[in-house]
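Below, each chain spelled out in residue letters.
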Amino acid sequence: MAHGKTAKSSGKTFLEEVRHMLGGETLASCYQCGTCASSCPVARVSERFNPREVIRQSLLGEKEEILFGDALWLCCSCYNCQERCPQKVEIADVFYALRNLAIREGKMPNIYSEFSAGLMSEGKIVPMSKFLEKKRADYGLPPLKPANMDTLRKILSATGFDKLKKKEEPQ
Amino acid sequence: MCGAFDWKISSFFREGDLEMAEKKEHESKGEAVQPRIGVYVCQCGLNIAGSVDCEEVAKFASTLPDVVLAQYNRYTCSDQGQAGIKNDIKEHKLNRVVVASCSPRLHEPTFRKACEEAGLNKYLFEMANIREQCSWVHLYDRASATEKAKDLVKMAVAKARLLKPAVEIEVPITRKALVIGGGVAGIQAALDLADTGYKVFLVEKEPSIGGMMARIDKTFPTMDCSICILAPKMSDVGHHPNIELLANSEVTEVRGYIGNFHVKVNKKPRYVTKDCSACGECAKVCSIVVPNEFDVGLAIRHAIYTPFAQAVPATYLIDMNSCLNKNGVIVCDKCMKACERKAIQYEMQPETVELEVGTIIVATGADVFDPSTLPNYGYGKYPNVITSLEFERLINAGGPSGGRLLRPSDGEIPKRVAFIQCVGSRSDRNGRLYCSNVCCMNTIKDSLLIKEHWPETEIYVFYIDIRAYGKGFEDLYKRARKEGVVFIRGLPSEIKENRKTRDLWLAGENTLCQELYRMNFDLVVLSVGLESRKDSEVIQRLLTLSRNQDGFFLEAHPKLRPVDAATGGVFFAGCAEAPKDIKDSVTQASAAAARAGILMAKGKITVEAITPIVFPDKCKACGLCTKVCPYNAITLNKDLKRIEIAEAACGGCGTCAAECPFGALTQGHFTDDQIVSEIDAVTEHDADKKVVAFCCNWCSYAGADFAGVSRMQYPPNVRIIRTMCSGRVAPKFVERAFARGVAAVLVAGCHLGDCHYINANYQTQKRVERLWKKMEQSGLCKERLQLFWASAAEGERFASKIREMKTLVESVKPEEIEKAKKVFEKALGGA
């Protein structure tokens, strides 16, 4: 394997890095039984995603493959795998940890950039459209109030969210 | 163990006499009786030297008072190391020896023996635990570990200076054994002991012996017929002149101690006398039908029945829960009329049998995991999902289906069978964390049994890892593969049933190909794991045993005393200790029998000289000590206004000494001044940064050792003082520690109810509560005194407690230390 050596040298640190992140703590308990993959509704329809494989790659320290591949972003967060994992690996939470790591490394899928842009400008992940406003009216829901942007910006800046965005901008 | 005996009052411990003799001996040689201590710091290869500077510790030891020799060596426990100690005792006239090495629970007997061989009384030896409780738990902090090791040596030397020689009394051993549990392990142990010539009582809860092995069809890896090899052994038990079989019976009470156990057994009535010839005429006429437990409910039996054809004792019995005759009201006497030998007695009563035994073997076995707790596998809901034990009964020629593997839903022979491994094993979520040891090979054997009868059957085994570790196991695994059994790595996440056909769909991932599968089967066998008996708590309490986190009984040492319980005279055989196969159970049973035999062959045993020492001039005959003694070994002689101690009945907990308000009682080898000297040694420097921990020998000290063995790291500011029981910890010890400025004190013992001295730790709790009250009233933070229960298996809990206490220590302010010093300053008076 070409990446064998790098996996070994950088592997441990990557595994440690994930394990020290919120959600990543339980990663190393995995014994690759496949319960997650067989419980996964995404894996059932797409060969591009297999949660067991992502966990295995994390354990082997295959950082590049994980962070720059798209599997990571295909998890639909249904938590089926996490409910069933016999070793109590918090699989879906591990994915969140890995996603955070990927974003820190500057890899953010476009859709997420759009989400964050929406959050920064309007305080909404999904932008309001005429269509949605009409739907709300049809359902008898009151029109949405604009978000308190001053407070929200403070929060986003205090949590470092705005910086994540900035880092992403040059791309 | 429990209770009071009518012991003859034996003579007091002759410590004074011995001391006199020692004095005389020295005086005759023209020497003063000044302690001459030799200190040996063991490097234990790199086990200790890896994180402790042993040379520095030895150098430090040489500066301590009365130390005439201090050295470090590679392996003090080696022959060479021991020879060195023996030589030094003679050459340097050492009269005390301190070894700083591993836990005294491991090598104290070794070094004591070496001292004795050199003519030094073994009670003049002391150990400092710088491995399990120092080097192994502070692997990455050499400086602190070395400092701690110095402190531990200082404590040991301080105690050694005050050690006194002692003689041990001998008590006779009853040359009879009790075996609890009549599975294959219990059968083997009973036969071995009986063949050696000892009387054995074999107590079995069920109506017949045979246990789990009697239910299994074939055994792996040889494919022997299970009952065919077991039945002759069962019959041997039934006929052996040295074995008294008490089937349908349960142990209800155990009192006494090693060599002298008094046991009560509740013998449930069979309602059928020994005259029964097992002709079976009675069962033919019985109109009651209930599920047969032996066939795991797959077949029926009558209210009068024998569990299975080869049952021992062969006598029938009546299950009064299902019989129509209840509470002496007879509404049906069909069986009685059918019995030619007049063997049926509806009015039979339970009896209590009292036994006197010297040793006890616990062979209580294991339960199988109940998979109905796993909703995704549908056991209990889908008829064609069965357990491996049900499979055994179905494939067994003596079973309900006559050996034909019938699908429960329609009675058809299945064409496609799936086995799912690790059901209830290796799971942190559903079932148990450990590997159950037997299921892989059992499944492989089962798959071959199907292939043997119906070679066309398609068999799939879904597994995580196949563990074919034993002799002949890999061969069997290969045979199964050659026969066409398909092994797929990846457990199904769920089973779905086709409601019409009752066929089953398995969905999972083949992890080796990264392929999701969805496969159809006629029958699914869940390979269920083994778990500790649901009622093991009863035996645990009766014999004051410990269990590990998995619920199985804990052995005295995992490598070197694997069949001994920590409780003297008690041994383990079979699955009671951990899941194991038949061969291992039999091996362990023979080992347990041999271990019990060694004890009984000697005929007598010495009792450790840790019994109480009385100072009659201080005794006010208040009788407080007699009330706290768990063994009723102390009696108050009101006429002579003194207490009398039955040494042979004394368990050696020392809680009497902790209770005495006048200092008229102390415990041999754990005297007040010895323990105080240890406290003083700890608190000489930097007391305000330290934790003094009193740990009982059996649970919390062993738990601390376990943390070491598992290399669980914790802060190095704790100093452990070992007592036999937490009940020994007198309030004045705690007060003295605070008076000398210690930041925090930990009193640790066995869990309440698990005390090795029956209930002595309840006294601990009372005393600590009293101290808390006093601390509160004096405006001290009572958090600084912690009470903690930890079992020998709870290393991680111990380690996290110490971590937690570090935060506590850091929060204690200097003025609080000073305040505590003042509040408890009275405790500084002479010990």
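All values derive from a computational prediction rather than experimental measurement. (Residues numbered from 1 in each chain as written. Chains lettered and ligands numbered in written order. Predicted model: local features only at pLDDT ≥ 70, side-chain atom pairs only at ≥ 80, totals over all residues.)

> Is there a simple way to think about the interface of chain A and chain B in this case?
How big an interface is tends to be expressed through the accessible area that disappears when the partners come together. On the side of chain B, 17 residues touch chain A, which itself brings 18 residues to the contact. Elements supplying a minimum of two residues to the side of chain A that touches chain B: α2 (35-39), α3 (41-45) and α4 (51-60) of chain A. Per element, the largest residue contribution to the side of chain A that touches chain B is four residues, and it comes from α2 of chain A. (Contact = placed C-beta atoms within 7 Å. Helix = DSSP H or I, 4+ residues; strand = E, 2+ residues; numbered from the N terminus.)

> What is the right way to read the packing of helix α19 (residues 700-709) of chain B against helix α22 (residues 795-811) of chain B from this model?
Packed helix pairs are specified by the crossing angle of their axes together with the interaxial distance, meaning the distance between the axes. Residue and element names in this part refer to chain B. Two numbers describe how α19 lies on α22: the axes approach to 7 Å, and their chain directions differ by 90 degrees. Taken together, the axes of α19 and α22 lie roughly perpendicular to each other. Mapping the contact onto sequence places Ser 700, Gly 703, Ala 704, Phe 706 and Ala 707 in α19 and Gly 795, Glu 796, Phe 798 and Ala 799 in α22. (Axes fitted to C-alpha atoms, helices over the stretch in contact; angles between N-to-C directions. Parallel < 35°, antiparallel > 145°, perpendicular 65-115°, else oblique.)

> Teacher, can you tell me more about the pairing of strand β35 (residues 642-645) of chain B here?
The side chains of a regular strand alternate, residue by residue, between the two faces of the sheet. All names here are of chain B. Only one face of β35 is buried: it carries Ile 643 and Ile 645, and the other face, with Arg 642 and Glu 644, is open. Looking at chain direction, strand β34 (residues 634-637) and β35 are connected through four bridges and run antiparallel. The partner of Asn 637 across the bridge, within β35, is Arg 642. The antiparallel pairing of β34 with β35 creates a hairpin that spans four residues between the two strands, and Lys 641 there sits at a positive phi of about 50 degrees. (Buried ≥ 20, exposed ≤ 12 C-beta atoms within 10 Å, placed from the backbone. Pairing = 2+ DSSP bridges.)

> So what exactly am I meant to see when it comes to the sheet that holds strand β39 (residues 744-749) of chain B here?
The strands that make up a sheet pair up through hydrogen bonds in the backbone, lying either parallel or antiparallel. Residue and element names in this part refer to chain B. The strand order across the open sheet formed by four strands is β38-β37-β39-β40, and the pairing between neighbours is parallel. A single partner strand is all that each edge strand has here, and the edge strands are β38 (718-723) and β40 (785-789). Between one strand axis and the next, the sheet turns by 20 degrees as a mean value, whatever way the strands run. Two strands pair when backbone bridges link them, and strand β37 (residues 691-696) and β38 are joined in this way by six bridges, in the parallel orientation. By the bridge assignment, Val 692 is partnered in β38 with Arg 719. Helix-sheet contacts for α19 involve β37, β38 and β39, and the interaxial angle to β37 is about 110 degrees. Against the sheet, α22 engages β37, β38, β39 and β40, with an angle of about 160 degrees to β39.

> Looking at this structure, how should I read the domain arrangement of chain A?
On domain assignment, one finds that chain A holds domain 1 (4-104) and domain 2 (110-168). Using C-alpha coordinates to define each centre, domain 1 of chain A is positioned 29 Å away from domain 2 of chain A. (Domains from an automatic or database assignment.)

> What's the story with the environment of His 107 of chain B in this structure? I'm lost.
Residues and elements named next belong to chain B. Here His 107 is to be found in helix α4 (residues 104-117). C-beta crowding within 10 Å serves as the criterion here: with 19 such atoms nearby, His 107 is assigned to the partly exposed category. The spacing of His 107 and Cys 77 is 30 residues in sequence and 7.6 Å in space, taken between C-alpha atoms. With near-sequence residues (within four places) excluded, His 107 lies in contact with Cys 77, Ser 101 and Cys 102.

> Whenever I open this one, the sheet that holds strand β26 (residues 515-521) of chain B confuses me. Can you help?
Residues and elements named next belong to chain B. Sheet architecture is open: three strands sit in the order β24-β25-β26, paired in antiparallel fashion. Of all the strands in the sheet, just β24 (492-497) and β26 have a single pairing partner and so form its edges. Recorded for the sheet is a direction-independent mean angle of 20 degrees between the axes of neighbouring strands. Examined bridge by bridge, β24 and strand β25 (residues 504-510) share five bridges and lie antiparallel to one another.

> Help me understand helix α3 (residues 79-91) of chain B in this model?
Spacing of three or four residues puts side chains on the same side of an α-helix, whose turn is 3.6 residues. Residue and element names in this part refer to chain B. Over its 13 residues, α3 extends 18 Å from the first C-alpha to the last, a length consistent with the 18 Å expected when each residue adds 1.5 Å. Along α3, the positions that sit buried rather than exposed are Gly 81, Gln 82, Ile 85 and Ile 89. Buried residues of α3, viewed axially, fall in a sector of 100 degrees; they line one side. Projecting away from the buried face of α3 at angles above 90 degrees are the exposed residues Asp 79, Gln 80, Asn 87, Lys 90 and Glu 91. Against the buried residues of α3 lie β1 (37-42), β2 (67-73), β3 (96-101) and α4. (Expected span 1.5 Å × (residues − 1). Arc of directions from axis to C-beta.)

> What exactly am I supposed to notice about the domain arrangement of chain B here?
Residues and elements named next belong to chain B. Taken domain by domain, chain B holds domain 1 (34-168), domain 2 (176-362 + 533-602), domain 3 (367-531), domain 4 (612-652) and domain 5 (670-831). Taken over C-alpha atoms, the centre of domain 2 sits 44 Å from the centre of domain 5. At the interface, eight residues of domain 2 touch eight residues of domain 5. Of the residues in the side of domain 2 that touches domain 5, the class split is two nonpolar, five polar and one charged. (Nonpolar A, V, L, I, M, F, W, Y, C, P; charged D, E, K, R; others polar.)

> Looking at this structure, I do not really get the confidence of the model for chain B. What am I missing?
Low pLDDT marks stretches whose predicted atomic positions should not be read closely. All names here are of chain B. Residues at a pLDDT of 70 or more form 96% of chain B, whose mean pLDDT is 92. Within the model, pLDDT remains below 50 along residues 1-17, and this stretch shows 34 contacts once partners closer than five positions in the same chain are excluded. Note that residues 27-32 has pLDDT below 50 and, in this model, one contact with residues that lie over four places away or in other chains. Among the prediction metrics, the complex's ipTM stands at 0.73, with pTM recorded as 0.81. (pLDDT = per-residue confidence, 0-100.)

> Is there a simple way to explain unusual backbone geometry in this structure?
Most peptide bonds adopt trans geometry, and most residues besides glycine take a negative phi value. All names here are of chain B. In this model, Phe 220 is joined to Pro 221 through a cis peptide bond whose omega is -5 degrees. For Pro 221, the position within the fold is in the loop between β8 (218-219) and β9 (224-225). With omega at -5 degrees, the peptide bond leading from Val 312 into Pro 313 counts as cis. With respect to the helices and strands, the residue Pro 313 is situated in the loop between β15 (304-305) and β16 (317-318). With phi around 60 degrees, Ala 278 is a residue other than glycine that occupies positive phi space. Summarising the element assignment, Ala 278 is placed in the loop between β12 (260-267) and α9 (281-285). Look at Ala 278 and you get partly exposed, because 14 C-beta atoms sit within 10 Å.

> What am I meant to see in helix α11 (residues 388-395) of chain B here?
Residue and element names in this part refer to chain B. Among the eight residues in α11, eight count as buried, and that is most of the element. Buried residues of α11: Ser 388, Leu 389, Glu 390, Phe 391, Glu 392, Arg 393, Leu 394 and Ile 395, and no others. Residues of α11 that are buried make contact with β19 (366-368), β20 (385-387), α12 (439-453) and β27 (523-528).

> I'm lost on the nonpolar core in this one. Help?
The nonpolar side chains of a soluble globular protein tend to be buried with one another. Ranked by size, the top nonpolar core spans 256 residues in total, and within it Val 39, Ala 100 and Ile 361 of chain B carry the most contacts. It is helix α6 (residues 142-161) of chain B that contributes the most residues to this core, nine residues altogether. Listed in part, the 26 residues of the second largest apolar core include Val 18, Val 54, Ile 66 and Ala 102 of chain A. (Core = buried A, V, L, I, M, F, W, Y, C linked by C-beta atoms within 7 Å.)

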